[in-house]
Amino acid sequence: MAVTSGSAESTRDLASRLGAVAGAGDVIALRGELGAGKTQFAKGFARGMGVAAVVNSPSFTLMAEYAGRLPLFHLDLYRLAGAADALAGGLLDERQQSGVTLIEWAERLDGPVGGSDVEVRFEGAGDEVRRIEVIARSGRGEAYVAAARAWRERGAAA
Ligand SMILES: Nc1ncnc2c1ncn2[C@@H]1O[C@H](COP(=O)(O)OP(=O)(O)OP(=O)(O)O)[C@@H](O)[C@H]1O
Ligand SMILES: [Mg+2]
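Residues numbered from 1 in each chain as written. Chains lettered and ligands numbered in written order. Predicted model: local features only at pLDDT ≥ 70, side-chain atom pairs only at ≥ 80, totals over all residues.

(A) Spatial organisation of the sheet that holds strand β1 (residues 2-5). In spatial order, the strands read β1-β7-β6-β2-β5-β4-β3; together these 7 strands make up an open sheet with mixed pairing. The two strands at the open ends of the sheet, each matched to only one other strand, are β1 and β3 (63-67). The average undirected angle you get between the axes of adjacent strands in this sheet is 20 degrees. On the sheet, helix α1 (residues 8-20) packs against β1 and β7 (130-136) and is oriented at approximately 145 degrees with respect to β1. Strand contacts of helix α2 (residues 38-48): β2 (27-31), β3, β4 (71-76), β5 (100-104) and β6 (118-123), with the helix running at about 165 degrees to β5, the strand carrying the most contacts. (Pairing = 2+ DSSP bridges. Helix = DSSP H or I, 4+ residues; strand = E, 2+ residues; numbered from the N terminus. Axes fitted to C-alpha atoms, helices over the stretch in contact; angles between N-to-C directions. Contact = placed C-beta atoms within 7 Å.)

(B) The arrangement of α1 in detail. In this model α1 runs 18 Å from its N-terminal to its C-terminal C-alpha over 13 residues, within 8% of the 18 Å that 1.5 Å per residue would give. Ser 10, Thr 11, Arg 12, Leu 14, Ala 15, Arg 17, Leu 18 and Gly 19 are the residues of α1 that are buried. Those residues of α1 that are buried lie in contact with β1, α2, β7 and α4 (141-153). (Expected span 1.5 Å × (residues − 1). Buried ≥ 20, exposed ≤ 12 C-beta atoms within 10 Å, placed from the backbone.)

(C) How the structure looks around α4. End to end, α4 covers 19 Å across 13 residues, agreeing with the expected 18 Å (1.5 Å per residue, within 8%). Looking at α4, one finds that the buried residues are Gly 141, Tyr 144, Ala 147, Ala 148 and Trp 151. Angularly, the buried residues of α4 cover 115 degrees about the axis, an arc narrow enough to put them on a single face. Of the exposed residues in α4, the ones pointing more than 90 degrees away from its buried face are Ala 150 and Glu 153. Of the surrounding secondary structure, the elements contacted by the buried residues of α4 are β1, α1, β6 and β7. Positioned one or two residues after α4, Gly 155 has a phi angle of 75 degrees, which is positive. (Arc of directions from axis to C-beta.)

(D) Representation of the packing of α1 against α4. The contact between α1 and α4 brings their axes to 9 Å, and the two run at 140 degrees. Here α1 lies oblique to α4, going by the angle between them. Like other packed secondary-structure pairs, α1 and α4 cross with a definite hand, here right-handed. Counted together, Leu 14, Arg 17, Leu 18 and Ala 20 of α1 and Tyr 144, Ala 147, Ala 148, Ala 150 and Trp 151 of α4 form the full contact between these two elements. Its residues placed into classes, the contact of α1 with α4 shows 8 nonpolar, no polar and 1 charged. (Parallel < 35°, antiparallel > 145°, perpendicular 65-115°, else oblique. Left-handed = near helix turned anticlockwise from the far one by under 90°. Nonpolar A, V, L, I, M, F, W, Y, C, P; charged D, E, K, R; others polar.)

(E) Looking closely at the environment of Glu 107. Structurally, Glu 107 can be placed in the loop between β5 and β6. Taking the C-beta count within 10 Å as the criterion, Glu 107 has 14 such neighbours and is therefore assigned partly exposed. In sequence terms Glu 107 and Gly 32 are 75 residues apart; their C-alpha atoms lie 9.2 Å from each other.

Written as C-alpha cells, this is what we have:
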C-alpha cells in the first residue's frame, strides 16, 4: 500500500505509527534516492519506539544503536559496496534479534541477512510530495502495512 507525504513532519508522523508496532527481530528496509526522506522517517520511527535521543544519519559509523521500548539499530549502508562488507563488519549479527533494525540504503545489500520484514520505498525528493510505499515481506511486515493504512485513513496531513 502507498501513502503520500507533503512534509518532513508528515513523514515523521507516519513513521512514528510504524515504530509503535515494531517488534523484536523486525528488519525494516528503507529505499529511495538521496534526500528522499529515509532519515526523516528514521527520526519518526525512533520516536514511535520511545527513543528519546535525537536520531541522525549514521553515515560515518554505518550503525547507531538507540535505547527505546526495544533497542533500535539504525544503519546507513550508503558507503557499502555489497553484502560482504556488511558481514565482514559484523553489522547484522545475532543482536538484531533483540531489537529492531532499520536500514537506509538496504539495496546496498543483496538482501538483508535473514531478509527484511517490510520494505519502505520513497519516491520524490526536494520539495516534491513523497510517495511512500509500504510492502510486507513477511507475516510480521503486515503489521506495518496495517499501521500505514490506519495512518492514511485517519486523514493525516498529505
Ligand atoms: N514529505 C517529505 N518527507 C520527508 N522529507 C521531506 C519531505 N519534504 C521535504 N523533505 C525534506 O527532504 C529532506 C530529506 O532528507 P533525509 O536526510 O531524510 O533523506 P535521506 O533519504 O535520508 O537521504 P540520504 O540518502 O542522503 O541519507 C529533508 O531536508 C526534509 O526536510
Ligand atoms: Mg539518510
